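# Structural overview
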Amino acid sequence: MTPDKIDPFEILDFWWKAGPEKWFASDADFDAEIRARFEPAVTAAGLGALDDWTGTPHGALALLLLLDQFPRNLYRDDAKAFSGDARSVEIAERALDAGFDRAFPKMARTFFYLPFEHAEDMDAQERSVDLFRRLGDDTTYLYALVHMDVIRRFGRFPHRNAALGRETTAAESAYLADGGFSA
């Protein structure tokens, strides 16, 4: 798949058909399907080759999936899983400024907001909590609060430390050993 052959609607169609039961689960078969169908698109997105997609609601959402969601499936337990996070926040900010999230039903809006929830930055976390609170879904709001609590406590997500080559502090280790947030 070359950048000129990548279709944002194909990405969105794949994602909606997979559904919530696959989106946030660890599923080797689902990860393999993403790899087989979309890894070149993830690479192209990471290189900025699909940045022209940011001009439409469906293109921006497909790009956010390629940068924020798909790497988490493709590169579990590897630093590459988080390689698109900074760009995802920038794209999500522009998309929200343009009102692109409002072009979709509530469930889909989640993927415009997740880049903020995934950021190791308190301002982004606060924005995530505000966005998910306004969305009105208690489950996604709770997850946003949990993510923000971890960043407030540690300034980062301790479960990423091994993948990112960071030393885990004693407090982080105790938190993780006690069943602390790990997704």
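These numbers come from a predicted model, not from an experiment. Chains are numbered independently. Their residues run from 1 in the order of the written sequence. Only residues with pLDDT of at least 70 are given local features in this predicted model, and only at 80 or more are side-chain atom pairs given and counted; all residues enter the totals for whole chains, interfaces and linings. Excluding hydrogens and water, the side-chain values take into account all heavy atoms of the structure.

## Digging into the packing of helix 1 (residues 8–18) against helix 4 (residues 57–74)
Formally: Throughout, an axis means a line fitted to C-alpha atoms (over the contacting stretch in the case of helices), and angles, computed between N-to-C directions, take values from 0 to 180 degrees. Put simply, DSSP marks the helices as runs of H or I at least four residues long and the strands as runs of E at least two long, and each gets a number from the N terminus on. Geometric relationships in this document are graded by angle, where less than 35 degrees denotes roughly parallel, more than 145 denotes roughly antiparallel, 65 to 115 denotes roughly perpendicular, and other angles denote oblique. Crossing chirality is assigned from the near helix's rotation relative to the far helix, an anticlockwise turn below a right angle marking it left-handed and a clockwise turn marking it right-handed. Contacts between residues were defined by any pair of non-hydrogen atoms, one from each residue, lying within 4.5 Å.
As a packed pair, helix 1 and helix 4 sit with axes 9 Å apart at the nearest point and diverge in direction by 55°. Considering their axes alone, helix 1 and helix 4 lie oblique with respect to each other. Handedness of the helix 1/helix 4 crossing: left-handed. Two secondary-structure elements touch here, helix 1 through Pro 8, Phe 9, Ile 11, Leu 12, Phe 14, Trp 15 and Trp 16 and helix 4 through His 58, Gly 59, Leu 61, Ala 62, Leu 65, Leu 66, Gln 69, Phe 70 and Asn 73.

## Side note on the pattern of salt bridges
Where we set the bar: The salt bridge definition used is simple: a Lys or Arg side-chain nitrogen within 4 Å of an Asp or Glu carboxyl oxygen. Think of it in three bands: with a 1.4 Å probe and only protein chains considered, a residue is buried below 20% of the maximum accessible area for its type, exposed above 50%, and partly exposed in between.
This structure, assessed with the given rule, holds twelve salt bridges. With a closest N to O distance of 3.0 Å, Lys 17 and Asp 13 form a salt bridge. Of this pair, Lys 17 and Asp 13 both sit in helix 1, four residues apart, which is roughly one turn of the helix. With a relative accessible area of 65%, Lys 17 lands in the exposed category.

## Digging into the nonpolar core
Threshold: Residues enter a nonpolar core if they are buried and are Ala, Val, Leu, Ile, Met, Phe, Trp, Tyr or Cys, with the set joined through side-chain atoms within 4.5 Å.
With 50 residues, the main nonpolar core has Ile 11, Trp 15, Leu 66, Phe 70 and Phe 112 as its most contacted residues. Listed by contribution, the elements that provide at least two residues to this core are helix 1, helix 3 (28–46), helix 4, helix 5 (85–97), helix 6 (106–118), helix 7 (122–135) and helix 8 (138–154). Looking at this core element by element, the count peaks at ten residues for helix 4. Listed in part, the six residues of the second largest apolar core include Ile 151, Phe 157, Tyr 175 and Phe 181.

By themselves, these observations are geometric and do not establish any function.
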